[in-house]
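Each chain is listed here by its residues.
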Amino acid sequence: MRKVLMKGNEAIGEAAIRAGCLNYFAYPITPQSEVAEYLSHRMPEVGGVFLQGESEVAVGYMIFGASGCGERVFTTSSSPGISLMSEAISYIASAQCPAVFVNIIRGGPGLGGILPSQGDYFQATKGGGHGDYRLLVMAPASVQEAVEMVMEAFPLAEKYRNPVMILGDGLIGQMMEPVEFPEHLSSKPTNKDDWATTGMDTRKSDKPNVVKTLFLDAKVLNNLNLTLKAKYDRMKKEEVRYEPYNIDSDYKVLIVSYGTMSRVCKTAVDNLKEEGFEVGMIRPQTLFPFPETAINEAAGKKSCKTVVSIEMSMGQMVEDVERSVLGKRPVEWYGKCGGEVPTPEEVMEVLREFGK
Amino acid sequence: MQKEVMFAGFGGQGILFSAKILAHAAMEEGYEVMWIPSYGPEMRGGTAYCMVIISEKHIGSPIVKNPMHLVAMNRPSLEKFAPVVKPEGIVLINSTLIPVRSGRSDVDELVIPVNDIAIKVGSLKSANIVALSSFVARSKLVKMETLRHCVEEEFSKKTKLIPLNMKAMEEGEKAVVNLKE
């Protein structure tokens with residue numbers, strides 16, 4: 001198929017349609033409002049539903065409702081909006097319904113700013129909402145990857161009956177790059193009979209499906225949590241994704257970086273290579289599950305002296321990097337936030353310092 | 001080799017759009033491209049800028065400290081970005097609105113009365129296309145033919161504006177040719 005030049009936000013909207021998702025409910029917020037703008041005319045064209053909710057709180061529950069009915073559904077928002085949806089996300093995880101959430105992060109905390117940031121790492125990977133639940137979190141580093149991840153997110157959400165989050169930042173949403181759309185997804189959820197409340201007439205089973213999140217019996221609730229944990233453990237086994245970069249060299253410093261930040265780091269790695277200074281990089285594509293083993297092994301390379309987590313936040317992913325390296329090497333952090341994106345020159349300077 | 005072009009001006013001058021056409025044309029010619037707009041608070045204050053990166057290989061950082069070229073449509077843009085342009089880069093100055101120059105002797109200063117040309121062509125709104133055409137005529141980042149084709153394609157939903165913009169393309173190119181004579 002011919003490549004088209006598209007803004008990240010619009011490409012995300014188109015990718016969802018091609019993944020067979022015909023339900024989009026959202027509330028506008030910079031820097032991702034173009035998804036809503038795009039789908040407000042695209043969804044009706046393909047017979048889908050575009051609905052602007054009265055708030056993100058409402059949108060979260062609209063997603064829950066549609067998902068409970070067995071529909072492919074997704075929403076997009078940015079940081080403060082995701083905070084408002086977090087209650088519903090916890091409910092959806094508890095009820096084991098599939099749904100896709102896209103967070104195009106802006107600077108925080110509070111209303112923060114509208115420029116790119118990676119300050120929602122903790123929110124996405126460690127909770128956000130209450131209770132023992134996890135999201136499968138994927139972090140694209142290009143518009144093309146955002147498209148592919150959105151399209152994969154739906155079958156993954158259905159496979160695990162769990163919300164999946166695409167964690168991008170303002171730049172991924174705002175920039176344009178050439179994209180090639182994969183073929184339309186033809187798959188439909190095969191396990192819909194296990195959870196969707198589509199009415200007894202349409203289902204093969206004679207056991208009613210109930211979507212609920214209140215379990216007053218401690219034993220029952222403990223069992224639910226064990227079921228959820230088993231799913232998250234399975235994700236850790238089956239869904240870890242990462243991209244190694246310059247990892248065959250005898251690198252002195254290993255970077256762990258994701259999303260837009262990882263592209264800045266790539267340029268820094270290339271430039272430093274020309275100076276004769278080797279730096280390796282692991283770019284997590286899934287933030288939960290985290291590529292712990294890959295990072296641990298890469299950190300253990302003989303030439304490697306230090307591991308640095310480089311992120312557009314004040315040090316969030318660095319905790320997972322420490323958890324992965326397990327004390328094998330010193331783990332450092334470098335980053336900026338609030339909408340400031342470190343330049344390749346700044347990253348190079350930091351790396352030279354850590355490499356001394 | 002990677003080339004970066006910074007387009008800058010007032011909101012409403014069509015900065016983001018002309019940058020998009022360049023990115024589109026470069027993509028058509030098989031390059032890797034990236035189009036990075038300003039969408040932050042400065043845009044809301046009236047200044048718009050947009051970076052286009054064109055490369056033969058995979059593009060890394062979307063953040064570029066020193067762009068290779070600058071297309072400055074108003075004075076604040078020239079003053080802000082001229083100092084960071086790489087040596088030997090092109091600095092296009094819309095002289096209708098900018099009475100000053102870049103103050104750099106190591107760049108290729110291209111002084112074009114963009115707005116005057118656009119008015120002569122028939123609409124001030126075509127100023128962005130005039131500037132784009134002049135810039136490409138000088139930099140040769142893409143073929144003029146590809147650029148023309150992409151202008152047509154970008155206006156495919158407003159076809160009645162195509163002749164005006166083709167004229168703008170022509171006059172923008174001519175302005176550069178005349179400079180050389």
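Please refer to the structure placed before this passage.
Heads up: these notes are all about the structure in this document. Because the structure is a prediction, the values reported are computed rather than measured. (Residues numbered from 1 in each chain as written. Chains lettered and ligands numbered in written order. Predicted model: local features only at pLDDT ≥ 70, side-chain atom pairs only at ≥ 80, totals over all residues. Heavy atoms only, no water.)

All right, on to unusual backbone geometry then. Excluding glycine, residues mostly carry a negative phi; peptide bonds, for their part, are mostly trans. A cis amide bond links Gly-108 of chain A with the next residue in sequence, Pro-109 of chain A, at an omega value of 0 degrees. One can find Pro-109 of chain A in the loop between strand S5 (99-105) and helix H5 (121-126). With an omega of 0 degrees, the peptide bond running from Phe-288 of chain A to Pro-289 of chain A counts as cis. Tracing the chain through its elements places Pro-289 of chain A in the loop between strand S12 (286-288) and helix H10 (292-299). The residue Leu-326 of chain A is not glycine, and still its phi comes out positive at about 55 degrees. You can see Leu-326 of chain A is positioned in the loop between helix H11 (317-325) and strand S14 (331-335). Positive phi, normally seen in glycine, also occurs at Lys-140 of chain B, with a value near 55 degrees. Among the structural elements, Lys-140 of chain B can be located in the loop between helix H5 (127-139) and helix H6 (144-154). According to the relative accessible area criterion, Lys-140 of chain B is exposed, its value standing at 59%. (Helix = DSSP H or I, 4+ residues; strand = E, 2+ residues; numbered from the N terminus. Buried < 20%, exposed > 50% of the residue type's maximum accessible area, 1.4 Å probe, protein only.)

Residues and elements named next belong to chain A. With respect to the element layout, Glu-145 can be found in helix H6 (residues 143-160). A distance of 2.7 Å separates polar atoms of two side chains, one belonging to Glu-145 and the other to Gln-285. Among residues more than four places away in sequence, those in contact with Glu-145 are Ala-139, Pro-140, Arg-283 and Gln-285. (Polar contact = N/O pair within 3.5 Å; in protein donor to acceptor, adjacent residues only side chain to side chain. Contact = heavy atoms within 4.5 Å.)

What follows concerns the interface of chain A and chain B. Every contact between the two is made by 27 residues of chain A and, on the other side, 22 residues of chain B. Interface of chain A and chain B: buried area, both sides summed, is about 2100 Å²; carbon and sulfur atoms make up 69% of it. Interface area lost by chain A to chain B is led by Leu-5, Met-176 and Arg-263 of chain A, which between them contribute 27%. The tally of links from chain A across to chain B stands at 2 salt bridges. Between Glu-153 of chain B and Arg-2 of chain A there is a salt bridge; the shortest N-O distance is 3.3 Å. At the boundary of chain A with chain B, the tally comes to 7 residue pairs in polar contact (both at pLDDT 80 or more). Taken together, the elements giving at least two residues each to the side of chain A that touches chain B come down to strand S1 (4-7), helix H7 (170-174), strand S8 (176-179), helix H9 (259-274) and helix H12 (344-355) of chain A. Looking at the side of chain A that touches chain B element by element, the count peaks at 5 residues for H9 of chain A. Split by residue class, the side of chain A that touches chain B holds 14 nonpolar, 6 polar and 7 charged. (Buried area = accessible area lost by both parts, 1.4 Å probe. Salt bridge = Lys/Arg side-chain N within 4 Å of Asp/Glu carboxyl O. Nonpolar A, V, L, I, M, F, W, Y, C, P; charged D, E, K, R; others polar.)

Another aspect to go through is the pattern of salt bridges. Enumeration according to the criterion identifies 33 salt bridges over all chains in this entry. The closest approach of N and O atoms between Arg-42 of chain A and Glu-14 of chain A, which form a salt bridge, is 2.8 Å. Of this pair, Arg-42 of chain A sits in helix H2 (residues 33-45) while Glu-14 of chain A sits in helix H1 (residues 8-18), and the two are 28 residues apart along the sequence. Summarising the burial analysis for this pair, Arg-42 of chain A and Glu-14 of chain A share the class buried. A salt bridge links Lys-167 of chain B to Glu-171 of chain B, with the nearest nitrogen and oxygen atoms 3.3 Å apart. Of this pair, Lys-167 of chain B and Glu-171 of chain B both sit in helix H7 (residues 162-180), 4 residues apart, which is roughly one turn of that helix. A residue is classified by how much of its surface remains accessible, and Glu-171 of chain B, at 18% relative accessible area, is buried. Overlapping salt bridges, with partners in common, bring together Glu-14, Arg-18, Arg-42 and Glu-45 of chain A in one network.

Summary: where empty space remains is shown by rolling a probe the size of a single water molecule over the atoms. Residue and element names in this part refer to chain A. Counting across every chain of the model gives 4 cavities of 30 Å³ or more. Its volume calculated, the largest cavity comes out at about 60 Å³. Secondary-structure elements contributing two or more residues to the lining of the largest cavity are S5 and H6. Sorting elements by how many residues they give to the lining of the largest cavity places H6 first, with 3 residues. (1 Å grid on protein atoms, 1.4 Å probe; cavity = no way out; pocket = protein on both sides within 12 Å on 5 of 7 lines; lining within 4 Å. Points joined across faces, edges and corners; volume = space filled by probe spheres on them.)

Interpretation in functional terms is not warranted from these geometric data alone.
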